[in-house]
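The chain contents come next:
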Amino acid sequence: MSFQSFLSEVSRGMPDPVYLLYAADPFLCREAISEITKLVPVEEREFNLHLFDLTSPGEEDTTFDQVLTIVNTVSFFGSRRFTIAISNLQKLSKKEIEKLGTYISNPAPNSVLFLFHEGVLKKEMRDKFKKIKSLPLDMKEADIPQWIKQKVSTKGVKLSNEAVEYLMDLTGTDLGLLSSEIEKISLVGKKRVEVDDISDIVTGMKIRNVFDLVDALRKKDAESVFKIYRTLKNSSEDYSLVGALNWQYGRRLRPDLSPSEKKYYLHVFELLKDADIDMKSSGRNFPLEYLLFKLLRLP
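Residues numbered from 1 in each chain as written. Predicted model: local features only at pLDDT ≥ 70, side-chain atom pairs only at ≥ 80, totals over all residues. Heavy atoms only, no water.

### Observations regarding the side chain of Asn48
Line of reasoning, step 1. Within the secondary structure, Asn48 sits in helix H3 (residues 45-48).
Line of reasoning, step 2. A relative accessible area of 0% means that Asn48 is categorised as buried.
Line of reasoning, step 3. If near-sequence neighbours (up to four positions away) are discounted, Asn48 is found in contact with Val40, Ser75, Phe76, Phe77, Ser79, Arg80, Arg81 and Phe82. (Helix = DSSP H or I, 4+ residues; strand = E, 2+ residues; numbered from the N terminus. Buried < 20%, exposed > 50% of the residue type's maximum accessible area, 1.4 Å probe, protein only. Contact = heavy atoms within 4.5 Å.)

Below, the structure written as structure tokens:
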């Protein structure tokens with residue numbers, strides 16, 4: 001888990017003089033900057049914490065030379081100076097790379113330089129910066145549940161495994177969106193959050209209603225299906241309902257299912273996956289009535 005490796009380095013106080021951190025997801029760069037900021041006492045941040053975004057042109061553009069000048073400036077209070085530079089490293093000139101190489105060979109004492117790269121960092125560039133402590137930040141989907149638990153724990157909240165799974169079913173794996181929902185969860189005032197709480201907080205829908213909807217779909221009770229759907233539609237987004245359906249159907253999978261039941265659930269998850277892909281790729285709501293109609297038609 002790459003981001004976990006970064007957090008381990010944070011727990012050690014980021015002891016190296018220069019770091020290269022990169023991620024395809026800009027959200028993880030922002031998360032990393034937030035963690036680095038916490039290492040500098042609040043009363044010292046005005047003097048010993050500097051953030052430069054070299055990718056955003058402005059009236060007073062900061063050059064890489066100016067960043068190196070700040071890094072070489074004596075820190076205040078005898079503490080370490082943290083300088084963060086967000087840059088597209090692949091656009092640095094040969095002269096700038098040479099200057100960086102010179103600095104790396106003789107870094108300033110009590111100063112830490114963080115180079116952030118948003119996007120894929122090509123192997124050619126990784127090789128050029130191989131003398132720098134390099135930390136990729138992107139994480140695999142399988143690592144996200146642990147990240148969720150870790151993030152909510154910093155807010156004094158615990159999520160059950162089932163609640164984490166349900167949250168991901170509702171919101172997907174977009175870390176920015178998950179972080180936003182975690183903020184909502186932390187404001188509820190509960191020390192332990194379960195599935196029913198996630199259902200109310202994230203979507204405004206009741207777990208019982210989704211259970212009844214799946215039950216009605218299985219019984220092919222079209223009248224009940226669309227009656228329940230009209231109730232749910234008033235309090236939740238379509239994408240959340242697809243996630244809730246996916247979770248409820250998943251709870252019904254058992255090792256002792258008959259071949260016909262296994263085939264039925266295979267078709268169900270294919271339809272739910274298609275609906276999810278359609279919403280994410282088109283940026284519009286999927287016609288849930290059409291999805292429900294197709295679920296009712298399954299043999």
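Okay, back to it.
### Here we look at helix H15 (residues 288-297)
Line of reasoning, step 1. Buried within H15 we find Leu288, Leu291, Leu292, Leu295 and Leu296. Viewed along the axis of H15, the buried residues span an arc of 140°, placing them on a single side of the element. (Arc of directions from axis to C-beta.)

### Some points on the packing of helix H7 (residues 144-153) against helix H8 (residues 161-171)
Line of reasoning, step 1. For the pair H7 and H8, the least separation of the axes is 10 Å and the interaxial angle reads 110°. Looking at the two axes, H7 sits roughly perpendicular to H8. In terms of crossing hand, the pair formed by H7 and H8 is right-handed. For the pair formed by H7 and H8, the contact residues are Ile144, Pro145, Ile148 and Lys149 on the first element and Asn161, Val164, Leu167 and Met168 on the second. (Axes fitted to C-alpha atoms, helices over the stretch in contact; angles between N-to-C directions. Parallel < 35°, antiparallel > 145°, perpendicular 65-115°, else oblique. Left-handed = near helix turned anticlockwise from the far one by under 90°.)

### Observations concerning the packing of aromatic side chains
Line of reasoning, step 1. Under the counting rule described, the total for this entry stands at 7 aromatic pairs.
Line of reasoning, step 2. Residues Tyr19 and Phe114 carry aromatic rings whose centres are separated by 5.6 Å and whose planes lie at 10° to one another, so their mutual orientation is stacked. Linking Tyr19 in strand S1 (residues 18-23) with Phe114 in strand S4 (residues 111-118), this pair joins segments that are 95 residues apart in sequence. The same class applies to Tyr19 as to Phe114, namely buried.
Line of reasoning, step 3. Aromatic rings pair up to connect Tyr19, Phe82 and Phe114 into one cluster.
Line of reasoning, step 4. Cation over ring: Arg218 sits above Tyr264, and NZ or CZ is 3.7 Å from the ring centre.
Line of reasoning, step 5. One Lys or Arg, Arg252, reaches over the ring of Phe211 and ends 5.0 Å from the middle of that ring. (Phe/Tyr/Trp six-rings, centres within 6.5 Å; stacked < 30°, edge-to-face > 60°. Lys NZ or Arg CZ within 6 Å of the ring centre and 35° of its normal.)

### Some words on H8
Line of reasoning, step 1. Every buried residue of H8 is listed here: Ala163, Val164, Tyr166, Leu167, Met168, Leu170 and Thr171.
Line of reasoning, step 2. Of the residues trailing H8, Gly172 is marked for its positive phi of about 85°.

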